[in-house]
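Descriptive structure summary
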Amino acid sequence: AFARCAALIEQQGLHVIEDAAALRAAPARGPSVIVASEGADFLEGRIERVDEAWRLHRLRHLQLTHYRVNELGDIQTEPPVHGGLTDFGAAVIERCNARGIVVDVAHGPFDLVQRAAKVTTRPLVLSHTSLTPRPGPRSRQISAAHARLVADTDGLIGVWPNAGIFANLEAMARGARQLADVVGADHVALGSDMLGFISPPVFNSYRQLRAYASALQDAGFAPADVDKVLGGNYLRVFEATLEGSATARSSPSA
């Protein structure tokens with residue numbers, strides 16, 4: 001998968017963002033990418049593979065779990081096996097913090113995120129989900145308490161454009177406003193999950209960004225907060241992760 005990613009980057013003439021300065025320069029440089037992995041299954045229990053992926057494949061964003069209960073922890077869509085995050089998962093978070101890799105806890109259940117928030121010294125990302133008062137069994141949605149775990153690391157939660165949850169962009173924007181009412185606009189982002197749906201989502205092309213920005217303002221976001229939701233918050237998290245900025249917290253015990 002990393003090799004296919006590298007081939008696509010070369011074919012398309014894309015810039016790979018390896019540090020915060022490159023992310024800030026991206027608008028002037030042209031189309032750019034951050035190499036990410038949705039799920040850390042490729043580690044297969046070997047911590048040194050974090051270093052290999054960082055060095056050889058320029059990995060800068062790692063989602064711990066996806067649709068398989070793996071060596072790092074449980075997932076939302078299957079019965080718990082580990083009781084949340086494993087010791088290996090905690091070690092991976094620590095290694096990501098040291099290397100400068102954004103830690104993404106999407107697909108992880110509450111217990112996994114709770115321990116991850118205690119382990120990390122950098123902001124967490126929960127890249128794609130939405131808020132609900134009562135998450136059902138195996139639901140991909142999260143509670144307010146779940147969202148606050150991420151926000152309390154100075155992290156962010158991406159609002160997911162699932163058409164089964166939101167009827168249109170306007171409803172998605174109202175979902176983002178609901179989340180902001182719980183955690184603050186500094187902790188809300190766009191969780192596009194592009195090409196991650198079986199049926200079309202309500203946001204299915206980045207050509208819709210202007211329309212979504214308008215919908216966010218209509219939902220009550222100030223223009224400055226719209227900028228944060230559509231990239232500013234991720235820039236803050238990326239900088240804190242890669243450069244250990246002032247937003248990073250002191251290290252707690254696991």
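Computed from a predicted structure; not experimentally measured. (Residues numbered from 1 in each chain as written. Predicted model: local features only at pLDDT ≥ 70, side-chain atom pairs only at ≥ 80, totals over all residues. Heavy atoms only, no water.)

**So, the side chain of Asp74**
Looking at the secondary structure, you find Asp74 in the loop between β4 (59-63) and α4 (87-99). There is no salt bridge for the buried Asp74, and the closest opposite charge comes from Arg115, which lies 10 Å off by N-O distance. Polar contacts involving the side chain of Asp74 include one to the main-chain amide nitrogen of Val81, which spans 2.8 Å. The residues contacting Asp74, other than those within four sequence positions of it, are Thr65, Val69, Pro80, Val81, His82, Gly83, Gly84, His107, Gly108, Pro109 and Leu112. (Helix = DSSP H or I, 4+ residues; strand = E, 2+ residues; numbered from the N terminus. Buried < 20%, exposed > 50% of the residue type's maximum accessible area, 1.4 Å probe, protein only. Lys, Arg positive; Asp, Glu negative; His and termini not counted. Salt bridge = Lys/Arg side-chain N within 4 Å of Asp/Glu carboxyl O. Polar contact = N/O pair within 3.5 Å; in protein donor to acceptor, adjacent residues only side chain to side chain. Contact = heavy atoms within 4.5 Å.)

**Points about a nonpolar patch on the surface**
On the surface, Tyr206, Leu209 and Leu230 cluster together to form a nonpolar patch covering roughly 250 Å² of accessible area. Looking at the element boundaries, Leu209 is found in helix α8 (residues 209-218). The class for Leu209 is partly exposed, based on a relative accessible area of 31%. (Patch = residues over 30% accessible without salt bridge, like charges linked within 9 Å, V, L, I, M, F, W, Y side chains within 5 Å. Areas by Shrake-Rupley, 256 points an atom, 1.4 Å probe, with all protein chains shown as cover.)

**Side note on the environment of Leu149**
Considering the arrangement of structural elements, one finds Leu149 in helix α6 (residues 144-151). What makes Leu149 buried here is its relative accessible area of 18%. When the C-alpha positions of Leu149 and Asn162 are compared, they lie 23 Å apart, and in sequence the two are 13 residues distant. Aside from chain neighbours lying at most four places away, what touches Leu149 is Phe110, Val113, Gln114 and Ala117.

**As for unusual backbone geometry**
Unlike most non-glycine residues, Glu44 shows phi in positive territory, near 50°. The topology assignment puts Glu44 in the loop between β3 (35-38) and α3 (48-56). Glu44 gets classed as exposed once you look at its relative accessible area, which sits at 53%. Positive phi, normally seen in glycine, also occurs at Arg138, with a value near 60°.

**Re the pairing of β4**
In terms of burial, β4 is largely enclosed, as 5 of its 5 residues are buried. Note that β3 and β4 share 4 bridges and pair parallel. Looking at the pairing, Ala36 lines up with His61 of β4. Following the backbone out of β3, through α3 and into the adjacent parallel β4, one traces a crossover that is right-handed. The pairing of β4 with strand β5 (residues 102-104) spans 3 bridges and is classified as parallel. Following the sheet pairing, Gln63 is matched in β5 by Asp104. For the crossover from β4 across α4 to β5, the handedness is right-handed. (Pairing = 2+ DSSP bridges. Right-handed = clockwise from strand over helix to strand, strands pointing away.)

**Quick notes on the sheet that holds β4**
In space, the 6 strands of this open sheet follow the order β3-β4-β5-β6-β7-β8, with parallel pairing throughout. Every other strand in the sheet has two partners, leaving β3 and β8 (188-190) as the edge strands with one partner each. For this sheet the average axis-to-axis angle between neighbouring strands, irrespective of direction, equals 25°. (Axes fitted to C-alpha atoms, helices over the stretch in contact; angles between N-to-C directions.)

**Things to note about the side chain of Asp193**
Tracing the chain through its elements places Asp193 in the loop between β8 and α8. There is a polar contact of 3.0 Å between the side chain of Asp193 and the side chain of Trp160. Asp193 has contacts with Glu38, His128 and Trp160, leaving out every residue within four places of it along the chain.

**Comments concerning the packing of aromatic side chains**
Counted under the stated rule, the structure contains 5 aromatic pairs. Plain terms: the ring middles of Phe203 and Tyr212 are 6.2 Å apart, the flat faces sit at 65° to each other, and that makes the pair edge-to-face. Note on accessibility: Phe203 and Tyr212 belong to one class, buried. Connected via pairs of aromatic rings, a cluster forms that spans Phe203, Tyr206 and Tyr212. The ring of Trp160 carries the charged tip of Arg140 above its face, separated from the ring centre by 4.7 Å. The ring of Phe221 is capped by Arg177, whose NZ or CZ atom sits 4.7 Å from the centre of that ring. (Phe/Tyr/Trp six-rings, centres within 6.5 Å; stacked < 30°, edge-to-face > 60°. Lys NZ or Arg CZ within 6 Å of the ring centre and 35° of its normal.)

**Considering the pattern of salt bridges**
What the rule picks out here adds up to 14 salt bridges. Residues Asp51 and Arg99 are paired through a salt bridge, measuring 3.0 Å at the closest nitrogen-oxygen approach. One end of the pair, Asp51, is in helix α3; the other, Arg99, is in helix α4, with 48 residues separating them in the sequence. Taking the relative accessible area as the measure of exposure, Asp51 reaches 14% and is therefore buried. The partner of Asp225 in a salt bridge is Lys228, and the shortest N-O contact between them spans 3.6 Å. Highlighted residues: Asp225 and Lys228, both in helix α9 (residues 223-243), separated by 3 residues, approximately one helical turn. Overall, the relative accessible area of 28% leaves Lys228 in the partly exposed class. Three or more residues joined by partner-sharing salt bridges are found here, namely Glu18, Arg58 and Arg60.

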